[in-house]
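# Coordinate inspection notes
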Amino acid sequence: MHTFGGKTLFLDRSDINTDEIIPAKYLTEISKEALQPYLLEDLNLEGFDPAKDIAGCRVIVTRANFGCGSSREHAPWALEVNGIHMVIAESFARIFRQNMFNCGMLAIDLPEETIDRFFTEFAGSDTEIYADLETGELIVEKQGQQTRIAFSVSEFDRALVAAGGWVEYADARYGTGS
């Protein structure tokens, strides 16, 4: 299972689509690793520079409808290969959200008021967010202070994440053992 948490990237925009997460021109790449340098390359967000802002980040906090647009696993793969295993948003495109869980990653949706709080209280400073799957809490660390915020994930999605993704989940439960 991945470690869920660390340095946080705040992307203050709704409707970030899969073409902005990983541009379609890179979909012919044959490995996840080949996608790494192109994550969020086409994201148009004032003050955001993917060459400087992504390095070392492990979590993204954003607004509504993250991962909309074309359905493709390449978008979660591009996040994963960059070490980002958790995205927190007001809402996700349904297929993108499930692709995250299928890859053993966390897609956590929180109410608009809570997302607003993340941007007003924590964005713009060194903030780290960690997920405790056992307690269903996010631990937000900023300047030595901790804030805990409850979240929920379905039991099935929690099982996918715990297994490391759909393939590992299926192998553990339905594999032939050969």
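In this text, all values refer to a predicted model and were calculated from it rather than measured experimentally. (Residues numbered from 1 in each chain as written. Predicted model: local features only at pLDDT ≥ 70, side-chain atom pairs only at ≥ 80, totals over all residues. Heavy atoms only, no water.)

Each turn of an α-helix holds 3.6 residues, which means side chains three or four residues apart point in the same direction. Turning to helix α5 (residues 94-102), its buried residues are Phe96, Arg97, Asn99, Met100 and Phe101. Tucked inside the fold, the buried residues of α5 contact α1 (18-21), α4 (74-81), β3 (86-89), β4 (106-109) and α7 (155-163). Gly104 lies just past α5 and shows a positive phi near 80°. (Buried < 20%, exposed > 50% of the residue type's maximum accessible area, 1.4 Å probe, protein only. Helix = DSSP H or I, 4+ residues; strand = E, 2+ residues; numbered from the N terminus. Contact = heavy atoms within 4.5 Å.)

Adjacent strands of a sheet form backbone hydrogen bonds with each other and so pair up, either parallel or antiparallel. The sheet built from 7 strands is open, its strands ordered β4-β3-β2-β1-β5-β6-β7 with mixed pairing. Whereas interior strands pair on both sides, the edge strands pair on one side only; in this sheet they are β4 and β7 (145-150). On average, adjacent strands in this sheet sit at an angle of 25° to one another, irrespective of strand direction. As defined by bridge partners, strand β5 (residues 127-132) adjoins strand β6 (residues 137-142) across 6 bridges and the pair is classed as antiparallel. What sits directly across from Thr127, in β6, is Lys142. Of the strands in this sheet, β3 and β4 are in contact with α5, which crosses β4 at around 135°. (Pairing = 2+ DSSP bridges. Axes fitted to C-alpha atoms, helices over the stretch in contact; angles between N-to-C directions.)

Locating Thr147 in the fold gives a position in strand β7. If sequence neighbours within four positions are ignored, Thr147 has contacts with Arg117, Phe122, Leu138, Ile139 and Val140.

Under the defined criterion, the tally for this structure stands at 9 aromatic pairs. With a centroid separation of 5.9 Å and 55° between ring planes, the pair formed by Phe118 and Phe122 is classed as tilted. Placement of the pair is Phe118 and Phe122 together in helix α6 (residues 112-122), with a separation of 4 residues, close to one helical turn. Under the relative-accessibility criterion, Phe118 is labelled buried at 0%. For Phe122, a relative accessible area of 4% corresponds to the buried category. Each ring, one from Phe156 and one from Tyr169, has its centre 5.4 Å from the other, and the planes form 85°; the classification is edge-to-face. Taken together, the residues Phe156 in helix α7 and Tyr169 in helix α8 (residues 166-174) connect sequence positions 13 residues apart. In this structure Phe156 comes out as partly exposed when scored by relative accessible area, which is 39%. (Phe/Tyr/Trp six-rings, centres within 6.5 Å; stacked < 30°, edge-to-face > 60°.)

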